[in-house]
2 protein chains.
Amino acid sequence: MNGLSRKIYLELEPPSREDAASAQERILRALPQEYEGAQMSLGVMRKLYPLCGNAGWRVTVTLAWTGSVWQATGLEEGDSSGRHYGVCADLGSTTVVVQLVDCNSGQVMASESVYNEQIAFGEDILTRIFYAKDCPERLEEIAGATARTFRTAFAALEKKTGVAPEEYASMTVAGNMTMIHFLLGLDAFCIFEAPYAVRASRPGFLPARELGMPFEGYVYLYPGLANYLGGDILSGLIATGIAGREDLCVFLDIGTNGELVVGNKDFLLCGAGAAGPALEGGSVRTGMRACEGAVQYVKLKNGEFELDVIGGGEPKGICGSGIVDLIAEMFLNGWVDIRGRLVPEASGRIEKIGEEYAVRYAPGLFFYQTDLDEFLRTKAAAGTMVEYMLGLAGIPMEDIGEFVVAGAFGTYLDKESAVTIGLYPDLDRKKLVSAGNTSLEGARIMLLHKDRLLEVDSIMERMEYVQFGEVEDFIHLMGAARALPHTDSSRYPSVRRKLLEHGIRI
Amino acid sequence: MNGLSRKIYLELEPPSREDAASAQERILRALPQEYEGAQMSLGVMRKLYPLCGNAGWRVTVTLAWTGSVWQATGLEEGDSSGRHYGVCADLGSTTVVVQLVDCNSGQVMASESVYNEQIAFGEDILTRIFYAKDCPERLEEIAGATARTFRTAFAALEKKTGVAPEEYASMTVAGNMTMIHFLLGLDAFCIFEAPYAVRASRPGFLPARELGMPFEGYVYLYPGLANYLGGDILSGLIATGIAGREDLCVFLDIGTNGELVVGNKDFLLCGAGAAGPALEGGSVRTGMRACEGAVQYVKLKNGEFELDVIGGGEPKGICGSGIVDLIAEMFLNGWVDIRGRLVPEASGRIEKIGEEYAVRYAPGLFFYQTDLDEFLRTKAAAGTMVEYMLGLAGIPMEDIGEFVVAGAFGTYLDKESAVTIGLYPDLDRKKLVSAGNTSLEGARIMLLHKDRLLEVDSIMERMEYVQFGEVEDFIHLMGAARALPHTDSSRYPSVRRKLLEHGIRI
C-alpha cells in the first residue's frame, strides 16, 4: 500500500559520544529515502523523551502526508507498524458512512453508517443553510455537529474492532459542496445563490484536530468543481476510473441531486440538476427510505401485486426501487399509459380518492397520480441530462461503453424496470453498472493510494461544467422525456418488445 | 525583500456566471507564479465570506512559508500590503530581545528587551533544567513562561509602534539548545548529561499558535548542531557570513558559555566550553551585569583608578568590560604579575582581606585574588579553544582574516584591554570585530531572506564538532593560557611593547 500515511519501524543506534545526534535527527535520517525532508510535529518532539530510551531506541513512526511534505505525527515504542489504520468517509447530508481501513493490507475492517447530526438544524439541506446563513455562531454549531457525527461513528467502529480513533493515521472525506462547507464551518448559501460561486472548493489537507477529529495527522477532503459538483463526484470518478478509460462512459449519481459526468480519458463533461428526492421516495406521499417496512420490489402477476418488503413484515410505504418497479410493472400491464396516466379501466385497484386517481399497491397504501407525475418529472430530468450531454458531445447513445449509476438508489434498483420507465437508456444490460457508494470507495482508494492525488488534479483540469438551467432546449427535451419510456420510443426497442409481449404496441 | 512571509494585494474579478470559481480559487490562481501550489489555512477559508464581497474583491493575502509550501494565513479587505510586519527574537536564558521588522523595507521599527520569565524557575539554566526534569507539567510551566515572555515583549512593541502582535506575518527565533527545548516544552536534562544527545535539534517551522504565540502563521526556529552549539550560533554564522568567506575567520560567542567556530567557505570547525559566567562578572564577588551602577571602563593613571560607571552615579559593582579593563590596567602598571598574582608592593590599594589579597577599585568595592584566578581560568578556556582549533586546522594565528566576537560582552569590551590580558589574540585591531547580538541579527536576516534557509542546511552539513573535554592536551594548553597575556609572550608583541613603555619587560 502506498497511502496517505505510513508506519515505519526503526531500530536506531542509541546516542553515543561518537554520534550524539538528537533523537529527532536519529529518527528522520533513518527513514527511507522517499521521506527525505520529512518534518516532525511538536507533539512527536514532545514524545521523543522518554519514549525512545524506554523503547531501547526501537520505535515506530507514523508519517502523514500534509499535501506538500511528510510529517511525523506519531511515535510509539517497539514495532507497532502492523497496527496501521486509517478512516475514510462519505459525508452525506442524511447519512455519514465511515470505514475503518487496515492501511497495510487495504482491507476494510469495519463500516459504520450514522445519521448526520446536522439533521437537528433541518431535515433538508436548504433549511440548514438558511439556519446558519450569515451567522458564524450557527456555522460553528453545524461544524460541531458534523465533527460529533464522525466521532460517534468512530466510537462505533472502535466497538466493532477495538481500534481507538486516536490510532488513526489519516482520514479521507468525500462529500458534496454543502457538506464540506459545513464541515469546515463555511457559509453555504452561495451554493444556492447565483452565480453559484462557493467559498472554498479545494480545502485539500487539513490538520485533523482543526476539524474536531480525535487524532493527530491530516484529513484529506476531496475538492469540488462547482456548487453541485462536489467532492463526492470527484471521489466517484476516482473510484470508477472513468477519467482514464478509452471508451465513453456515463457516470450518474442519483441522490438528493442528480450529478452527471460523461466522458473518458480525452474529455469530461459534467453537470448537475435537481433529479433527486422524488426518485428516493422523497415527494411520494407513502414514500419512505429503504429501511424496514419499505416495499423494495414489485411484480404484477395476473392482476395482483407481489411485494418484496424490507425486513419481511407488513409494508409501511415504498422506497425508490419499489416505485421504479411499481411504475414499470403497471406500464407493462397497461395500468399506466405512455403519457404516465393511471388507467382506471385496467384494474379495480386504481381508485379515485378525492380529486385524483391512485393505485392501492398494498392494504391502505396508495400511489397517487400526483406522485407519478412528480416521479416522472424527476426521471425526465435525469434522463434529459444524459441525453443533452451526449448530444453536446455528438455521441450516439449506443456508443456508450458503460452507464455507471452511483449511490444507494442505483444499488437496489431493478435494471429492467429502470430501462422500462426510461430512467436508464436501453443499452446492453452488461453496460448498465450499479457502482454503489462510489463516494466512499473513492475516499478509501485515496487513503491507500497517494499517487491518485495527481489524478484528481488532472480530472479537475479536464472537467467542463455545463449549467443545465442555462440551456434553452433543456425544458423542451425534458417534456419529451416525461413519457414512458420516452416520446421517441424507437430509443427503447427492448421496452417495445416487452410491451408487445403484453399485447401493447407503442 | 524576499522573506518568510509576503503580503500581496489582489484585485479579483467578482464571480459571474461565466466564471463561478470559488473565492478560494480566485485568490490562489491570482497569486504570482512563485506561489503556485500554495495552500490556504482553515482560518482564511472561514474569512473568505463575507470579506471578499465586502471588499469588492480587492483583498490582501498574507502568505507564510511553512518549510515546504506557502500557506495563505491571513486575509484583509483592500490593500494592506504596506502593513507587513514580522518579529525576530534572540531567546536568551536571562534576556529575550525582540525586534519588530517592517518586512517590506527590512527596517527595524522597534526593539524590546525583557527578562526571561523562566527565571522564576531558577536564575541559572541548570536549576531550571532540574526543576523540570522528568516532569511534563513543569515543562509545560516553563514553556508557558517562555511564551508569556514573548507576549510581554510583543505588548511592549505594540506600545511603541501601534502594531498589534495579531498582525505579525512571521517570526524567527534563535536561541541556545536549552532555550529552544524549553520553548518547545522539551526536557533539557540531555544537554548536561553524557552523551549529550538532545531531543530535537531541528524544529524548523512550527505553527505560531502551537507555541503560544498570538498570531497566525509560522515560527522558524534556528536549528542547533549539538548540545552547546545551538540555534544562536547558527544564526550568528548567518549574520556574520563567515561560512561563505574566502579568508579564515574566528567566531567567538561569549555568553553563559563560550562557543567557537573557526573556518570559512571550505570548512567549519566548532566547539563550545564553559567560558562564560566569569567573563560576564558572574563569579566575581562584586561582579554585576552591565546595568546602572556597574563599572564599565577602568583607567589607571598615576596610581589612581578612573572609573566609568553606567548611569554616572556611584559604582555598585563591576561588569565584564570593567573587569577586563581593570586587569589590563593593573597588569600594565605592574599591580598584577605575569602569573596573574596581585602585587601588594605595587599599590596601597592592594590590601589583605582575610586570607587573600584584593584590590580596592572603588570605595568599598574589592576585586579579590580568587576573582582574578577565576577570571583568568575562564579567559584561558576561551583563548585555548581558539588556539586549539587553529592548531587542529594547521593555521597560524596571523592568517586569521577576522576575529569576530559576538554577544553583548564583546560589544562593550575595550579591544586593547582584551588583547592585553590575552583574551583576544594580538592581531591588527581592524581584524578584531565586535559583532554585537549576532543571534538576533541572524534571526532578522532569515525573516527577510528566505533563500538563506539553504545556507543553514549547508552550514549544518559542513560543521565539524570538536569536543574540547575529549582533547588530551587541552588542559595543558589552558595552563599556559592562564598567564598574562600568555606563557608564550612572543605571541603578544604589542602587549610587550606597551609593557616596555611602562618599564616592564617580559
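Our structure is the block above this text.
K.L.:
Got a minute to help me understand the side chain of Thr384(B) in this structure?
P.N.:
All names here are of chain B. Tracing the sequence through the fold places threonine 384 in helix 8 (residues 369-393). For threonine 384, a relative accessible area of 0% translates into the label buried. Polar side-chain contacts of threonine 384 include one of 2.5 Å to the backbone oxygen of alanine 380. Beyond its immediate chain neighbours, meaning those up to four positions away, threonine 384 contacts Phe474, Leu477, Met478 and Ala481.

K.L.:
Is there a simple way to explain the pattern of salt bridges in this structure?
P.N.:
Close approach of charged atoms allows side chains with opposite charge to pair. All names here are of chain A. If you walk through the whole model with that rule in mind, you get 58 salt bridges over all chains. Here arginine 58 and glutamate 11 are joined by a salt bridge, their closest N and O atoms 3.4 Å apart. With a gap of 47 residues between them, arginine 58 in strand 3 (residues 58-65) and glutamate 11 in strand 1 (residues 5-11) connect regions that are remote in the sequence. Among the residues examined, arginine 58 registers a relative accessible area of 40% and is labelled partly exposed. Note that arginine 429 is salt-bridged to aspartate 426, the shortest N-O span being 3.1 Å.

K.L.:
What is the right way to read the interface of chain B and chain A from this model?
P.N.:
Interfaces are often sized by the amount of accessible area the parts lose when they come together. In this assembly, 39 residues from chain B lie in contact with 39 residues from chain A. Sorting the residues of chain B by area buried against chain A places Arg17(B), Tyr49(B) and Arg199(B) first, and these three jointly supply 19% of that buried surface. Remark: the boundary between chain B and chain A carries 2 salt bridges. For Glu25(B), the salt bridge is made with Arg202(A), and the minimal N-O distance between the two is 3.6 Å. Where chain B touches chain A, the interface holds 19 residue pairs in polar contact (both at pLDDT 80 or more). Listing elements by their share of the side of chain B that touches chain A, those giving two or more residues are helix 1 (23-30), strand 2 (39-40) and helix 2 (42-54) of chain B. Among the elements that take part in the side of chain B that touches chain A, helix 2 of chain B stands out by supplying 5 residues, more than any other. Residues that form the side of chain B that touches chain A fall into these classes: 21 nonpolar, 9 polar and 9 charged.

K.L.:
What am I meant to see in the sheet that holds strand 22 (residues 463-465) of chain B here?
P.N.:
In any sheet, the strands associate via hydrogen bonds between backbone groups, in a parallel or an antiparallel arrangement. All names here are of chain B. Ordered in space as 21-20-11-12-13-22, the 6 strands form an open sheet in which the pairing is mixed. Since the sheet does not close on itself, it has two edges, and those belong to strand 21 (432-436) and strand 22, each with one partner. Taking each pair of neighbouring strands and ignoring which way they run, the sheet shows an average axis angle of 20 degrees. Bridge count between strand 20 (residues 400-406) and strand 21: 4 bridges; the pairing is parallel. Within strand 21, the position partnered with valine 404 by the bridge is valine 433. Helix 6 (residues 231-240) rests against strand 11 (248-254), strand 12 (258-263), strand 20, strand 21 and strand 22 of the sheet, and its axis sits at about 135 degrees to strand 11.

K.L.:
Looking at this structure, I do not really get the packing of aromatic side chains. What am I missing?
P.N.:
Both the distance between ring centres and the angle between the ring planes are used here to describe each pair of aromatic rings. The full count for this structure, using the stated rule, is 26 aromatic pairs over all chains. With centroids separated by 5.4 Å and ring planes inclined at 70 degrees, the aromatic side chains of Phe130(A) and Phe189(A) adopt a geometry described as edge-to-face. Separated by 59 residues along the polypeptide, Phe130(A) in helix 3 (residues 125-132) and Phe189(A) in the loop between helix 5 (177-184) and strand 9 (204-207) bring together distant segments of the chain. A relative accessible area of 16% places Phe189(A) in the buried class. When the centroid spacing of 5.3 Å and the interplanar angle of 75 degrees are considered together, the rings of Tyr35(B) and Trp70(B) count as edge-to-face. Of this pair, Tyr35(B) sits in the loop between helix 1 and strand 2 while Trp70(B) sits in strand 4 (residues 70-77), and the two are 35 residues apart along the sequence. When sorted by exposure, Tyr35(B) lands in the same class as Trp70(B), which is buried. Cluster of aromatic residues (ring-pair linked, three or more members): Phe150(A), Phe154(A), Tyr168(A) and Phe215(A). One cation-aromatic arrangement involves Arg199(A) over Tyr49(B); the distance from NZ or CZ to the ring centre is 3.7 Å. Note that Arg285(B) overlies the ring of Tyr368(B), its terminal NZ or CZ placed 3.6 Å from the centroid.

Cut-offs applied
Residues numbered from 1 in each chain as written. Chains lettered and ligands numbered in written order. Predicted model: local features only at pLDDT ≥ 70, side-chain atom pairs only at ≥ 80, totals over all residues. Heavy atoms only, no water. Helix = DSSP H or I, 4+ residues; strand = E, 2+ residues; numbered from the N terminus. Buried < 20%, exposed > 50% of the residue type's maximum accessible area, 1.4 Å probe, protein only. Polar contact = N/O pair within 3.5 Å; in protein donor to acceptor, adjacent residues only side chain to side chain. Contact = heavy atoms within 4.5 Å. Salt bridge = Lys/Arg side-chain N within 4 Å of Asp/Glu carboxyl O. Buried area = accessible area lost by both parts, 1.4 Å probe. Nonpolar A, V, L, I, M, F, W, Y, C, P; charged D, E, K, R; others polar. Pairing = 2+ DSSP bridges. Axes fitted to C-alpha atoms, helices over the stretch in contact; angles between N-to-C directions. Phe/Tyr/Trp six-rings, centres within 6.5 Å; stacked < 30°, edge-to-face > 60°. Lys NZ or Arg CZ within 6 Å of the ring centre and 35° of its normal.

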